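Coordinate inspection notes
Okay, here's what each chain looks like letter by letter:
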Amino acid sequence: MLNIVLFGPPGAGKGTQAQRMMDATGLPQVSTGDMLRAAVKAQTSVGLEAKKYMDAGALVPDQVIIDLIKDRMKEGDAQDGVMFDGFPRTVPQAEALAKIVDVSIVLAIDVPDERIVERICGRFSCGNCGAVYHDSFNPLPKLGCTCGAFSEKRRADDTESTVVARLKAYHEQTAPLATFYEDAGLFTVVDGDRDIDLITTDLLNALN
Ligand code: AMP
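Residues numbered from 1 in each chain as written. Predicted model: local features only at pLDDT ≥ 70, side-chain atom pairs only at ≥ 80, totals over all residues. Heavy atoms only, no water.

**Some thoughts on the overall build of the protein**
Along its length, the protein carries nine helices and eight strands. Here the C-alpha atoms of the protein give a radius of gyration of 16 Å, agreeing with the 17 Å that 2.2 N^0.38 yields for 208 residues. In terms of its C-alpha atoms, the protein occupies a principal-axis envelope of roughly 45 × 40 × 35 Å. For the protein, the residues scored as buried account for 45% of the 208 residues in total. Taking contacts inside the protein between residues at least 6 apart in sequence as the whole, the part at least 24 apart equals 70%. Total accessible area on the protein is roughly 10500 Å²; 51% of this is exposed by carbon and sulfur atoms. Computing the positive centroid from 21 side-chain charges and the negative centroid from 30, the protein places the two 5 Å apart. (Helix = DSSP H or I, 4+ residues; strand = E, 2+ residues; numbered from the N terminus. Rg over C-alpha atoms; globule rule 2.2 N^0.38 Å. Buried < 20%, exposed > 50% of the residue type's maximum accessible area, 1.4 Å probe, protein only. Contact = heavy atoms within 4.5 Å. Areas by Shrake-Rupley, 256 points an atom, 1.4 Å probe, with all protein chains shown as cover. Lys, Arg positive; Asp, Glu negative; His and termini not counted. Charge placed at Lys NZ, Arg CZ, Asp CG, Glu CD.)

**Quick word on the sheet that holds strand β4 (residues 105–110)**
Spatially, β2-β3-β1-β4-β8 is the arrangement adopted by the five strands of the open sheet, whose pairing is parallel. Each edge of the open sheet is held by one strand with a lone partner, namely β2 (29–31) and β8 (187–191). Each strand axis lies, on average, 25 degrees off the axis of its neighbour in the sheet, ignoring direction. Of the pairings in the sheet, the one linking strand β1 (residues 4–7) to β4 comprises four bridges and is parallel in character. Bridge pairing links Phe7 to Ala108 in β4. (Pairing = 2+ DSSP bridges. Axes fitted to C-alpha atoms, helices over the stretch in contact; angles between N-to-C directions.)

**Overview of the site of the ligand**
Not every one of the 16 residues close to the ligand is listed here, only the nearest: Thr32, Arg37, Ala58, Arg89 and Gln93. In this structure, Ala58 approaches the ligand through a main-chain N or O atom, which is 2.6 Å from an oxygen atom. Between the ligand and the protein, one listed contact pairs a nitrogen atom with a side-chain N or O atom of Gln93 at 2.9 Å. For the ligand, whose free accessible area comes to 480 Å², the fraction covered by protein is 97%. A class-by-class count of the residues in the shell around the ligand yields seven nonpolar, four polar and five charged. (Near = heavy atom within 4 Å. Polar contact = N/O pair within 3.5 Å; in protein donor to acceptor, adjacent residues only side chain to side chain. Nonpolar A, V, L, I, M, F, W, Y, C, P; charged D, E, K, R; others polar.)

If you want it as structure tokens, here you go:
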């Protein structure tokens, strides 16, 4: 049982690295952001409530997130462990998680604020397979997405105005979690302002 928390500011590359680590670890990626976007698209009651926070770059209330995670962790593919991406984001979320599963390790991807805006504003993904790309740092291959059926998807909240609010939420509400997990002896930091492959290697080494 290996429960990994991928930690870091918006745009640090948590989702990209989670996808790359899926093959090596065999663990599913549990992204609360992806779950919320699916709920918004499906216009569920959770989605309708979450949308106003997401559009403003603010955090969705803890209880909404904790309920989502409780349900997700009951699914079959989560029983051997998961990679949490974008969760927990507050101390109350981390405390609730501790009651659901034991966190094995927290892998923090460190990227300075001044790099975040350019990283977020150029990113897009493949609507077919979910692969993440970036206009400058991780462009779409000449032959298109490896899945063979590329369709471009950009997030509604990946705009300069929203990024400022998301970074503020990160520093005020999420960054204090570093101390929470340092105190538990679970916190490992990797320099995220480098080549994507080097970051993946370091993250996988930290797991061994
Ligand atoms: P992400 O895809 O992780 O960047 O999340 C996109 C947006 O979803 C965030 O800006 C928040 O509004 C919301 N969100 C995702 N995960 C959480 C969480 N664990 N707690 C609160 N809000 C979240």
